Amino acid sequence: MTNQAKVPFLDLVTPHQELEAELLAVAQKAFSTAGFIGGPMVEEFEREFARFCGTRYCVGVSSGTDALRFTFMAAGVGPGDIIITVPHTFIATTEAISQAGAQIAFVDVNEATYTLDPERLREYIETRCEIDNASGRLIECASRRRVAAIVPVHLYGQTADMDPIMELARKYNLIVIEDACQAHGAEYFSARDGIWKKTGSMGHAAAFSFYPGKNLGACGEAGATTTNDEAMAQRMRMIRDHGQAKKYYHDMEGYNGRLDSIQAGWLSVKLRHLAKWNESRRELAHRYHELLSEAKDSLVIPREASWTKGVYHLYVVRVQDREALQAHLAEAGIGTGIHYPIPLHLQKAYQHRGYKKGDFPVTERVAKEILSLPMFPQLQRHQQEEVVAKVLEFVTSKIGASR
Ligand SMILES: Cc1ncc(COP(=O)(O)O)c(C=O)c1O
């Protein structure tokens, strides 16, 4: 769906037009210095984004997928180790696990928050894993593999319930790497510590994507890892740059996964607007909640748990007959998305793992019913009202038809 739609799913043109002069100045600076890879603009953005997240370090890389993959490697996840995550996420989360040489173990999401369910995580650890006598490490009973890490995904801009996840990680000596690719600036109230914490600052490290449509998006591919661990940040810097800390002195094989200077400069410009944009998303979400509440018997609206201040990367409702609602909205020129229609364990890419329908029932149920409505900071009130009117029209006609 393009901006030609009456209400686009996402408008990426307006913010770039609004910031055009500042963005062009960044490109001119790069042209005049010919500093295209790394350098001062990258370092400046890394400092600013670390400050924004409340961490000591940020390492810019070429995408969110690389941020995840490099972080697993920098955290010392070894070949064959198990990394636990959810089946209700974008495939980049699990691609990064496999490409780091690790094995995926899925744990289902919570039906209210769509994020990793701490109770199911506990169940997996306590019923399917045991402490290995020889190493003292947690291993999965069936595969005898070491369980190394947990990757909670802060999906749709809402944080996972981090206190119980961190508690389990501490108890079983597991690393926690947040997938914060959809949640720049979202906050979590840690009852344990009595403070609000930003995404990126809660686990041992966190990965962010700056894909253009994200809350903080580059004008191309970009990503970053945040951490308070100096050694991990240092390893990340080497992995992203062919395993070198000094030019042509390679301590290991790495990757070409650096962040472009122009993208970093553009991200610095946009970062100054992120808090305001996130606030607009929150206001729009609360307005959607209010306007859609009259359809609450037919429509599940996003529930913001008391411990999260979400940044609504997506506004996802659940409805029976989701395809029909999507078609009804498309007919009215309203763009929507489905994030994600097929649970990862049922994707062809993971057929060889032998998962079957029914393995992760919550993910499977929500995948059939979710629909993402237009959500972006510049969404106009009249556009939002148009979306709501069409949703309510659909829901009412369904109720009428079933009488
Ligand atoms: C949850 C999640 N993880 C990882 C990624 C990967 O980020 P990138 O597209 O920048 O590689 C994305 C991006 O869509 C994502 O939504």
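In what follows, the structure referred to is the one given above.
Summarised in this report is the structure supplied together with it. Everything numeric in this text was worked out from a predicted model, so none of it was measured.

### A short note on helix α4 (residues 64-74)
Note that an α-helix has 3.6 residues per turn; residues three or four places apart therefore point the same way. The buried count for α4 comes to nine of 11 residues, which makes it a mostly enclosed element. Of the positions making up α4, those classed as buried are Gly-64, Asp-66, Ala-67, Leu-68, Arg-69, Phe-70, Thr-71, Phe-72 and Ala-74. Capping the start of α4 is the job of one residue whose side-chain oxygen sits 3.4 Å from the backbone nitrogen of Thr-65: Ser-63. One or two residues past the end of α4 sits Gly-76, with phi positive at roughly 85°.

### Thoughts on the sheet that holds strand β14 (residues 299-300)
Strand order in the open sheet made by the three strands is β14-β16-β17, with antiparallel pairing throughout. This sheet does not close on itself; its edge strands, each paired only once, are β14 and β17 (370-373). Across four bridges, the pairing between strand β16 (residues 315-319) and β17 is antiparallel. Looking at β17, one finds that Val-316 is bridged to Ser-372. Lying on the sheet, helix α10 (residues 322-331) is in contact with β16 and β17; it crosses β17 at an angle near 20°.

### Considering the site of the ligand
Close contacts around the ligand come from 15 residues, with Gly-64, Thr-65, Asp-179, Ser-209 and Lys-214 the closest. Separating an oxygen atom of the ligand from a side-chain N or O atom of Thr-65 is a distance of 2.5 Å. Gln-182 is positioned such that a nitrogen or oxygen atom in its side chain is 2.9 Å from an oxygen atom of the ligand. Here the ligand has 390 Å² of accessible area as a free molecule, and 92% of this is covered by the chains. Under a 2 Å grid-point criterion requiring more than half of the atoms, the pocket assigned to the ligand is the largest pocket. At the level of secondary structure, the elements contributing two or more residues to the shell around the ligand comprise α4 and α5 (92-99). Looking at the shell around the ligand element by element, the count peaks at three residues for α4. Each residue belonging to the shell around the ligand can be placed in one class, and the counts come to six nonpolar, seven polar and two charged.

### Here's the deal with the packing of aromatic side chains
Summed over all chains, the structure comprises 15 aromatic pairs. Arranged with centres 6.1 Å apart and planes meeting at 65°, the rings of Tyr-355 and Phe-360 form a pair that is edge-to-face. The exposure class of Phe-360 is buried, given its relative accessible area of 11%. By way of ring pairs, the aromatic residues Phe-45, Phe-49, Phe-52, Phe-208 and Phe-210 are connected into one cluster. Between the NZ or CZ atom of Lys-198 and the centre of the ring of Phe-52, over which it lies, the distance is 4.1 Å.

### Concerning the pattern of salt bridges
In the structure shown here, the tally under the stated rule is 24 salt bridges. Residues Arg-120 and Asp-117 are paired through a salt bridge, measuring 2.8 Å at the closest nitrogen-oxygen approach. Asp-117 sits in the buried class, given a relative accessible area of 9%. It is possible to trace a salt-bridge network through shared partners that takes in Glu-167, Arg-170, Arg-192, Asp-193 and Lys-197.

### A word on the pairing of strand β6 (residues 147-150)
As defined by bridge partners, strand β2 (residues 82-85) adjoins β6 across three bridges and the pair is classed as parallel. Within the sheet, the bridge partner assigned to Ile-82 lies in β6 and is Val-147. Where β6 and strand β7 (residues 175-179) come together, two bridges link them in parallel fashion. By the bridge assignment for β7, Ile-150 is matched with Val-176. What joins β6 to β7 is helix α7 (residues 162-172), and the crossover it makes is right-handed.

What counts and how
Residues numbered from 1 in each chain as written. Predicted model: local features only at pLDDT ≥ 70, side-chain atom pairs only at ≥ 80, totals over all residues. Heavy atoms only, no water. Buried < 20%, exposed > 50% of the residue type's maximum accessible area, 1.4 Å probe, protein only. Helix = DSSP H or I, 4+ residues; strand = E, 2+ residues; numbered from the N terminus. Polar contact = N/O pair within 3.5 Å; in protein donor to acceptor, adjacent residues only side chain to side chain. Pairing = 2+ DSSP bridges. Contact = heavy atoms within 4.5 Å. Axes fitted to C-alpha atoms, helices over the stretch in contact; angles between N-to-C directions. Near = heavy atom within 4 Å. Areas by Shrake-Rupley, 256 points an atom, 1.4 Å probe, with all protein chains shown as cover. 1 Å grid on protein atoms, 1.4 Å probe; cavity = no way out; pocket = protein on both sides within 12 Å on 5 of 7 lines; lining within 4 Å. Sits in = over half its atoms within 2 Å of the grid points. Nonpolar A, V, L, I, M, F, W, Y, C, P; charged D, E, K, R; others polar. Phe/Tyr/Trp six-rings, centres within 6.5 Å; stacked < 30°, edge-to-face > 60°. Lys NZ or Arg CZ within 6 Å of the ring centre and 35° of its normal. Salt bridge = Lys/Arg side-chain N within 4 Å of Asp/Glu carboxyl O. Right-handed = clockwise from strand over helix to strand, strands pointing away.

That's the geometry; what it means functionally is another story.
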